[in-house]
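Okay, here's what each chain looks like letter by letter:
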Amino acid sequence: AAALLLLLLAACPGAGRGAGRERRDALREELLLSPLPTGDVAATFQFRTRWDADLPRGAVSHYRLFPKALGRLVAALGVRELHLALTQGFWRTRLWGQPPLQAPAGAELWVWFQPTVTDVDKAWKELSNILSGIFCASLNFIDSTNTVIPTASFKPLGLANGTDHHLLRYAVLPREVVCTENLTPWKKLLPCGSKAGLAVLLKAERLFHSSYHSQAVHIRPICRDASCMAVSWELRQTLTVVFDVFSSGQGKKDWSLFKMFSRTLTDACPLASQSKVYVDISPKNKEKELLEVTPPPTSVHEAVVQGDKKTYAVYDLLSPSLFNTSRSLNVQLKWKRPQDSSEMPIPVLHAQRYVGGYGLQTGEICTLIYNTHPYRAFPVILLETVPWYLRLYVHTLTIITKGKENKPSYIHYQPAQDRRRPHLLEMLIQLPANSVTKITIQFERALLKWTEYPPDPNHGFYVGSSVLSALVPSVIAMKDVDVEQSPLFTSLFPSSDGSSYFVRLYTEPLLVNLPTPDFSMPYNVICLTCTVVAVCYGSFYNLLTRTFHVEEPSRGGLAKRLANVIRKFRGVPLL
């Protein structure tokens, strides 16, 4: 057999090179474990599939690693970029710090279409319906009443020849509930599924027993090499979970993979070219390190991530020496001493939003944006999407910073149309150093038709999160690194220079009460009406349909006649 194989290779010297050229796709998987200042632990999974193919032309017939369902969707509808996120919970930026990739509560979908698409609205509707079926989500409820066309936010993250905002669509469903029925189709898109590699940790029972859960799919075109003469397609599947593993006793917060996921790692995905686990062991101050990681890592990686210098313990699942001592990998992290609350870092940019006012007629939306940088000011783009049933008064818009009016450099407002489209407000605001900017705008609640209320109208109506996009100045200079060699969690938002990094944040969704009729009154009226009809009509119908029979009185039996004879002698009235 060996001799025959050698003869075949000698007869076909280009067979090996041809096979290497056909395999034009690659898979990278990684897991980032980050202890949070509050004692929680954030686990971020990223699975990146890169394919050197021309999807828009539809010349692809064989799919190896790239999911066929998404590949045919991109080719058929002329999609240039697709970003879908399904989130349960809210990322608390003030307490947890900046996330690698944040998403609003509910479902978020924004898509860039190719310039060859003639009817973008039709393609957008078809795309949302198809994605609704793929991920078992309620994306089919996306229509013109919750879709906007931003002009300054949501620029393309991948390779883009132009930025015509008419090819962009953005929608949010803040009431969407994420459950296992959404996680299962998401895992089926992975090349190894949940059978091997890092995906074996994706146990639904543990993932949804958490404080925060977010799963996303990102498709974008990227440069194939440094010359950027050819285009490759990148699919990123990300999943972020925050576990509350505050262990009792002695104020320690120790955790492990088995404690979080009820499973351990046994091997890497056979189709993956890279499979690594990163553990954030960065010291919180200039003193000794607070964390102790076991088993010893394969290597240590240092990088500047979001303006902070980070140190990561790296476990390479493809390294033969990792599974020599044991058959499984169970990363454990212990705190050497309790962490002081004063050591919690404050993010440079964070925001919050709430509803003000009283009554059910008017109200006010308040947004607070914090810039904690000690000496640098920077601009931020604010995107507000408000449903049509909250009628905004744009003349009441006020922006106050340090007690003074702060006029925006750019403002774009598209008024809503009842039952057709929502309000869209975009502003470019300059944030001074170490300041708090308060943005308020008043609104009036509209009266809905009784058929437009949800089944639980007294619960309230959700308003989507505000979106903040900014280039935050970095205290530490960032060096240019090779995107292919750097970790995945540092390369989704590439930085134009080393002095700043891009951040996109979301505020809390709002819950607003509208004037709600008493839906119990129709029930009471129906009950009363049915009772009256049943009593009156039933009695009248009974009289009309009943037949009466006259019964002749019987003379009685022997006992009665004897009783009457006795009563006659006694002088008593007869029976």
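In short, a report on the structure. Fair warning: this is a prediction, and the values are worked out from it, not measured in the lab. (Residues numbered from 1 in each chain as written. Predicted model: local features only at pLDDT ≥ 70, side-chain atom pairs only at ≥ 80, totals over all residues. Heavy atoms only, no water.)

Details of the layout of surface pockets
No. 1: Counted as a void, the second largest pocket has a volume near 1000 Å³.
No. 2: Together, 39 residues line the second largest pocket, and F141, T145, N146, L173 and Y389 are the ones closest to its centre.
No. 3: Counting only elements with at least two residues in the lining of the second largest pocket, the list comes to β6 (168-173), β17 (378-386) and β23 (461-463).
No. 4: When residues in the lining of the second largest pocket are grouped by element, the largest group, four residues, is from β17.
No. 5: Considering only residue class, the lining of the second largest pocket consists of 22 nonpolar, eight polar and nine charged.
No. 6: Domain assignment of the residues forming the lining of the second largest pocket places at least three in each of domain 1 (25-252) and domain 2 (349-479 + 491-512). (1 Å grid on protein atoms, 1.4 Å probe; cavity = no way out; pocket = protein on both sides within 12 Å on 5 of 7 lines; lining within 4 Å. Points joined across faces, edges and corners; volume = space filled by probe spheres on them. Helix = DSSP H or I, 4+ residues; strand = E, 2+ residues; numbered from the N terminus. Nonpolar A, V, L, I, M, F, W, Y, C, P; charged D, E, K, R; others polar. Domains from an automatic or database assignment.)

A closer look at the pattern of salt bridges
No. 1: Scanning all chains against the criterion turns up 12 salt bridges.
No. 2: Among the ionic pairs, R48 bridges to E234, the shortest N-O distance being 2.7 Å. Taken together, the residues span a long stretch of sequence, with R48 in strand β2 (residues 41-51) and E234 in strand β8 (residues 231-243) at a distance of 186 residues.
No. 3: Among the residues examined, R48 registers a relative accessible area of 4% and is labelled buried. (Salt bridge = Lys/Arg side-chain N within 4 Å of Asp/Glu carboxyl O. Buried < 20%, exposed > 50% of the residue type's maximum accessible area, 1.4 Å probe, protein only.)

Structural notes on empty space enclosed by the protein
No. 1: Under the counting rule described, the total for this entry stands at four cavities of 30 Å³ or more.
No. 2: The wall of the second largest cavity is formed by I365, T367, E384, L397, L425, M427, I439, T440 and I441.
No. 3: Mapped by element, the contributors of at least two residues to the lining of the second largest cavity are β16 (362-371), β21 (423-431) and β22 (435-445).
No. 4: With three residues, the single largest contributor to the lining of the second largest cavity is β22.
No. 5: Grouping the constituent residues of the lining of the second largest cavity by class yields six nonpolar, two polar and one charged.

What to know about helix α5 (residues 120-135)
No. 1: Between its first and last C-alpha, α5 extends 22 Å over 16 residues, near the 22 Å set by a 1.5 Å rise per residue.
No. 2: For α5, the set of buried residues is V120, A123, W124, L127, S128, L131, S132, I134 and F135.
No. 3: At the N-terminal end of α5, a side-chain oxygen is found 3.5 Å from the backbone nitrogen of D121, two or three residues along, and the residue is D119.
No. 4: Downstream of α5 by one or two residues, C136 has phi in the positive range, about 55 degrees. (Expected span 1.5 Å × (residues − 1). Polar contact = N/O pair within 3.5 Å; in protein donor to acceptor, adjacent residues only side chain to side chain.)

A word on the state of the cysteines
No. 1: Within the structure shown, the criterion is met by one disulfide.
No. 2: Between C192 and C269 runs a disulfide, and the two sulfur atoms are separated by 1.8 Å. For the disulfide bridge between C192 and C269, the dihedral angle about the S-S bond is near 65 degrees, and by the sign convention the bridge is right-handed. Remark: C269 occurs in the loop between α8 (257-261) and β10 (274-280) and C192 occurs in the loop between α6 (180-188) and α7 (204-207); sequence separation between them is 77 residues. The exposure classification of C192 matches that of C269, with both residues buried. (Disulfide = S-S within 2.5 Å.)

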